[in-house]
Amino acid sequence: MPDPFDLDHFLAIPRLSGLCASGDGSRLAVSVSTLGPDGNDFRSSIWGIDPDGLAAPRRLTRSAAGESGGAFLPDGSLIFTSARPDPDAKADAKDKPPAGLWLLPAEGGEARLLLAPDAGVSAMSVARQSGDLVIGVSEHPAATDLASDAAIEKARKDAKVGAILYERYPIRFWDHYLGPRDLRLLSVDAPGATDVAVAEPRDLTGSTQEALVDPGLEIAADGTFVVVTWQRTARPVRSDLVLIDRASGKRRELTDGDAQYWSPAISPDGRSVACVRVEFGTPDRTEWATLWLIDIASGVGRRIGASFDRWPASVTWAPDGTALFVLADDHGNTAVFRLDLERDTSTRLAGDASYADLCPTDDGTTIFALCSRVDRPPFVARLDPRAEDQTPTEIPSPVVASALPRRGVVERLVTTADDGTEIAAWLVRPARASAKKPAPLVTFVHGGPLGAWTGWHWRWNPHLLVQRGYAVLMPDPAFSTGYGKRMVERGWGRWHERPYTDVMASIDAALERPDLDAHRTALMGGSFGGYMANWVAGQTDRFRAIVTHASLWDLRGFHGVTDFGPWWEQEFGDPYVDPSRYIEQSPSAGIGAISTPMLVIHGELDHRVPIGEALRLWTDLRRHDVESKFLYFPDENHWILKPNNARLWYGTVLAFLDHHVLGKKWVRPDLL
């Protein structure tokens, strides 16, 4: 009998991210996160991968602080960020240094510290040919250089000042408050081969009334200029592309606020910028993403890939500049497409799995990528940059095959909604499920709402439930990406209509199978999926249990407390002018009809869906005598990231499902 796949196995699987390749394709590096010695955190390190798959993966870095963000310099040196201590620092230096910029020579040996800003390095882009860098560093507005920034921060700490004066919006982002420092872009000259420290970085941001928030960032191959996404908070909310000359610091707008622009990619010859352009939405018109190409000299942009009916997530240039490699969700996977610029046609290179971190080699013969499947965590793969619908070649990586799930059966289900639209879903079920012994069904509703169930999931993993005997259905209802613009239009501004009926139609179709038990069902969702879980609870009592994580409960109140309320006005309108859409679609209106037992889960540090949503939901459930529990994480945000908290999350969810779906005695998880 195969080894069981339980939470211990799950947490022990190495987690790969941030694949990078040297330009000549002779070296690969990837960040690998594993459990720390005490099992309370994840530790990351960078591993070298043999592109030919002949040599075993080799660990390149090691420190208690961990390393991430690897990128190769032209000479083969590896640059990365790490909060490891400076070996040359004085003994009385602070115990917890920030994330500094480090360099590991191509020939190996000890890494050396290049730069250690007081607030750490939060973003980085390396020029492919020159080796120059642009980095993101937070500094106090009054600072003139890194030293003065450190002095200002020390003065605040010495005075025990934590207060922040805000003069701009937004003031929060996902899991943290912005300020008192502002993110700035600094130019760093290519590091030399010797141990000489890099020169003082130059500020490229200049004076501005707009804060940089989570910018897309790329430096030209020759290091002469940078293109960055600059978020504007005026209505409508938008993100423009700005070109910054590295020598002079002069800025030039490449876009003029007519849409949102993301994921800039500079052409190999430095003459064009490809990006994702998202048209503004209104309550009556769906926002939609297309591919865009901007001529840098003239500033003129045009749409490319006119027939490409997918939501592009990122773009990467082919080394000869004749094509773009595009990642986009496609029928339950994140596929790789090649867009030929001369013919304006697209070819799907690989659509059998979910891909990330595309790394084309300079000779145009290979694309390296991370690849995952619903039943397989990320691994390193090789693709041909021209072959259509190919199967990737796996390259040995640190993931141990024995740690992977073996007992679940993964299937693709498709049903038809009443308007003729096909609704697809992944079904993961126990191999032993049968008509004589049907498996209870738990449905996962994905977040977003723009999103889809693709690839491997660390936060919502169906195999942990399958090991417990449940089947898991993961449908892609209206609003899901990977099925064209019409699928998004079906859900836009009407969360309570087609997304809801599509989920129910997918469940009904799945339960026609004799190996699934229609009498023992539950539903779970997080973020938008949590909104849907709450909405379902007020519409039907068919489920034995509902789990709602980081969920929206009252949309009118949510608008004012989420980290970026104006985003939602594109879909629901101005709530101060017409709040009707917010009110009509709030699950809170259905509180009087809820009778299904509910498990509410939320993190205090969640600023996208603030804790107030859970508190209101919890209060309403208790006031209306609904059987319910509230799992609260004071140290987590929108996601549950810490290993022991993940243990408590899954332990509580499974105990709740076992009690209500299987009829077992409620067993309170240890430590809670």
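Each remark here, short or long, concerns the structure printed above.
A brief structural summary. Source: prediction; values computed, not measured.

Rules used throughout
Residues numbered from 1 in each chain as written. Predicted model: local features only at pLDDT ≥ 70, side-chain atom pairs only at ≥ 80, totals over all residues. Heavy atoms only, no water. Phe/Tyr/Trp six-rings, centres within 6.5 Å; stacked < 30°, edge-to-face > 60°. Helix = DSSP H or I, 4+ residues; strand = E, 2+ residues; numbered from the N terminus. Buried < 20%, exposed > 50% of the residue type's maximum accessible area, 1.4 Å probe, protein only. Lys NZ or Arg CZ within 6 Å of the ring centre and 35° of its normal. Pairing = 2+ DSSP bridges. Axes fitted to C-alpha atoms, helices over the stretch in contact; angles between N-to-C directions. Salt bridge = Lys/Arg side-chain N within 4 Å of Asp/Glu carboxyl O. Core = buried A, V, L, I, M, F, W, Y, C linked by side-chain atoms within 4.5 Å. Contact = heavy atoms within 4.5 Å.

Using the criterion set out here, one finds 25 aromatic pairs in the structure. Centroid distance Phe-10 to Trp-456: 6.5 Å. Interplanar angle 35°. Geometry classified as tilted. In this pair, Phe-10 sits in helix H1 (residues 7-12) while Trp-456 sits in the loop between strand S33 (439-445) and helix H3 (462-466), placing the two residues 446 residues apart along the sequence. Judged by its relative accessible area of 8%, Trp-456 is buried. Connected via pairs of aromatic rings, a cluster forms that spans Phe-479, Trp-492, Trp-495, Phe-528, Tyr-531, Trp-535, Phe-558, Trp-568, Phe-572 and Tyr-582. Over the ring of Trp-292 we find Arg-277, and its NZ or CZ is 4.4 Å from the ring centre.

Attention now goes to the sheet that holds strand S18 (residues 251-253). Across the sheet, four strands lie side by side as S15-S16-S17-S18; this open sheet has antiparallel pairing. Strand pairing shows two members of the sheet lacking a second neighbour, strand S15 (217-219) and S18, which therefore form its edges. Each adjacent strand pair in this sheet contributes to an overall mean axis angle of 25°, direction not counted. Of the pairings in the sheet, the one linking strand S17 (residues 238-245) to S18 comprises three bridges and is antiparallel in character. Across the sheet, the residue bridging to Leu-243 is Arg-252, located in S18.

Another point: the pattern of salt bridges. Note that side chains of opposite charge can pair when their charged atoms are close. Counted by the stated rule, this structure contains 38 salt bridges. A salt bridge links Arg-202 to Asp-189, with the shortest nitrogen-to-oxygen separation between them at 3.4 Å. Of the two residues, Arg-202 sits in strand S14 (residues 202-203) while Asp-189 sits in the loop between strand S13 (182-188) and S14, which places them 13 residues apart along the sequence. Here Arg-202 falls in the partly exposed class, since its relative accessible area comes to 32%. In this structure Asp-189 comes out as partly exposed when scored by relative accessible area, which is 35%. In this structure, Asp-330 and Arg-348 form a salt bridge, with 2.6 Å as the shortest nitrogen-oxygen distance. Taken together, the positions of Asp-330 in strand S24 (residues 323-330) and Arg-348 in strand S26 (residues 345-350) put the pair 18 residues apart, joining distant regions of the chain. The class for Asp-330 is buried, based on a relative accessible area of 4%. Residue class for Arg-348 comes out partly exposed when judged on its relative accessible area of 29%. When salt bridges with common partners are traced through the structure, they connect Asp-418, Asp-419, Arg-486, Arg-490, Arg-498 and Asp-502 into a single cluster.

Attention shifts here to the pairing of strand S22 (residues 301-304). Sheet topology note: the strand S21 (residues 289-295)/S22 ladder contains four bridges and is antiparallel. When the sheet's bridge partners are listed, Ile-294 is paired in S22 with Gly-301. The hairpin formed by S21 and S22 contains five residues between the paired strands, and Gly-299 there has a positive phi angle of roughly 80°.

Right, let's get into the sheet that holds S22. Strand order in the open sheet made by the four strands is S19-S20-S21-S22, with antiparallel pairing throughout. What marks the edges here is a single partner per strand, and that holds for strand S19 (260-266) and S22. Across the sheet, the mean angle separating the axes of adjacent strands is 30° when strand polarity is ignored.

Moving on, we come to the nonpolar core. One finds Leu-441, Trp-495, Ile-507 and Leu-523 to be the most contacted residues of the largest nonpolar core, which totals 52 residues. Per element, the largest residue contribution to this core is seven residues, and it comes from helix H6 (residues 528-537). When near neighbours in sequence (up to four residues on either side) are disregarded, Leu-441 contacts Leu-427, Ala-471, Val-472, Leu-473, Ile-507, Ala-510, Leu-511, Leu-516, Asp-517, Arg-520, Thr-521 and Ala-522. Counting residues in each nonpolar core, the second largest holds 50 residues, with Val-32, Leu-370, Met-474 and Val-661 among its members.

These results come straight from atomic positions and should not be treated as a statement about function.
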